[in-house]
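Here is how the chains run, residue by residue.
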Amino acid sequence: MAQEMLKSTQLRLIFETGLNDKGEPIFKTKSFNNVKKEAEAEQIYQVAQAISTLCTHPLVTVERNNSFDVIA
């Protein structure tokens, strides 16, 4: 039976930086690697909020990306 092992966690912040010619929002991302795998969702959200206070553009989305190794 195959199992998955958490390999790494990445924090990704998405900011709205303005509007294009059609009036649609333009988004920019900033990624942070080496996030503790044990970090809880609330902790990650708090860190994202703290980082966003240092940025000039509004924070739109916070993403957590986990990578897994699948082994037999």
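Residues numbered from 1 in each chain as written. Predicted model: local features only at pLDDT ≥ 70, side-chain atom pairs only at ≥ 80, totals over all residues. Heavy atoms only, no water.

If you had to explain the overall build of the protein chain to someone new, which residues and values would you point to?
Scanning the protein chain from N- to C-terminus turns up 1 helix and 3 strands. Moving toward the C terminus, one meets the helices and strands of the protein chain in the order β-β-α-β. By the compact-globule yardstick of 11 Å for 72 residues, the protein chain is too spread out, its C-alpha radius of gyration being 16 Å. Viewed in the frame of its principal axes, the protein chain has a C-alpha envelope of about 50 × 25 × 15 Å. Expressed as a percentage of the 72 residues in the protein chain, the buried residues total 14%. Accessible area of the protein chain: about 5,700 Å², with a carbon and sulfur share of 51%. Taken together, the 8 basic and 9 acidic charged side chains of the protein chain have centroids lying 7 Å from each other. (Helix = DSSP H or I, 4+ residues; strand = E, 2+ residues; numbered from the N terminus. Rg over C-alpha atoms; globule rule 2.2 N^0.38 Å. Buried < 20%, exposed > 50% of the residue type's maximum accessible area, 1.4 Å probe, protein only. Areas by Shrake-Rupley, 256 points an atom, 1.4 Å probe, with all protein chains shown as cover. Lys, Arg positive; Asp, Glu negative; His and termini not counted. Charge placed at Lys NZ, Arg CZ, Asp CG, Glu CD.)

Describe the pattern of salt bridges, with residues and values.
Scanning all chains against the criterion turns up 2 salt bridges. For Lys7, the salt bridge identified is with Asp69, shortest N-O distance 3.9 Å. One end of the pair, Lys7, is in strand E1 (residues 3-19); the other, Asp69, is in strand E3 (residues 59-71), and 62 residues separate them in sequence. Its relative accessible area of 37% is what places Asp69 among the partly exposed residues. Between Arg12 and Glu63 there is a salt bridge, with the nearest N and O atoms lying 3.3 Å from each other. In this pair, Arg12 sits in strand E1 while Glu63 sits in strand E3, placing the two residues 51 residues apart along the sequence. Assessed through its relative accessible area of 28%, Arg12 is described here as partly exposed. (Salt bridge = Lys/Arg side-chain N within 4 Å of Asp/Glu carboxyl O.)

Outline the side chain of Ser52, listing residues and values.
By secondary structure assignment, the location of Ser52 is in helix H1 (residues 41-52). A distance of 2.8 Å separates the side chain of Ser52 from the backbone oxygen of Gln49, its partner in a polar contact. Those residues within four positions of Ser52 in sequence are excluded, and the remaining contacts are Phe15 and Leu59. (Polar contact = N/O pair within 3.5 Å; in protein donor to acceptor, adjacent residues only side chain to side chain. Contact = heavy atoms within 4.5 Å.)

Go over the nonpolar core with me, naming the residues and quoting the values.
Ranked by size, the top nonpolar core spans 7 residues in total: Leu11, Leu13, Phe15, Val35, Ala39, Ile44 and Ala48. In terms of residue count, E1 provides more of this core than any other element does, 3 residues in total. Residues within four places of Ala48 in sequence aside, it is in contact with Leu13, Leu59 and Val62. (Core = buried A, V, L, I, M, F, W, Y, C linked by side-chain atoms within 4.5 Å.)

Explain the packing of aromatic side chains to me, using residue names and the numbers behind them.
Under the defined criterion, the tally for this structure stands at 0 aromatic pairs. Sitting above the plane of the Phe32 ring, Lys30 keeps its charged end 5.6 Å from the centroid. (Phe/Tyr/Trp six-rings, centres within 6.5 Å; stacked < 30°, edge-to-face > 60°. Lys NZ or Arg CZ within 6 Å of the ring centre and 35° of its normal.)

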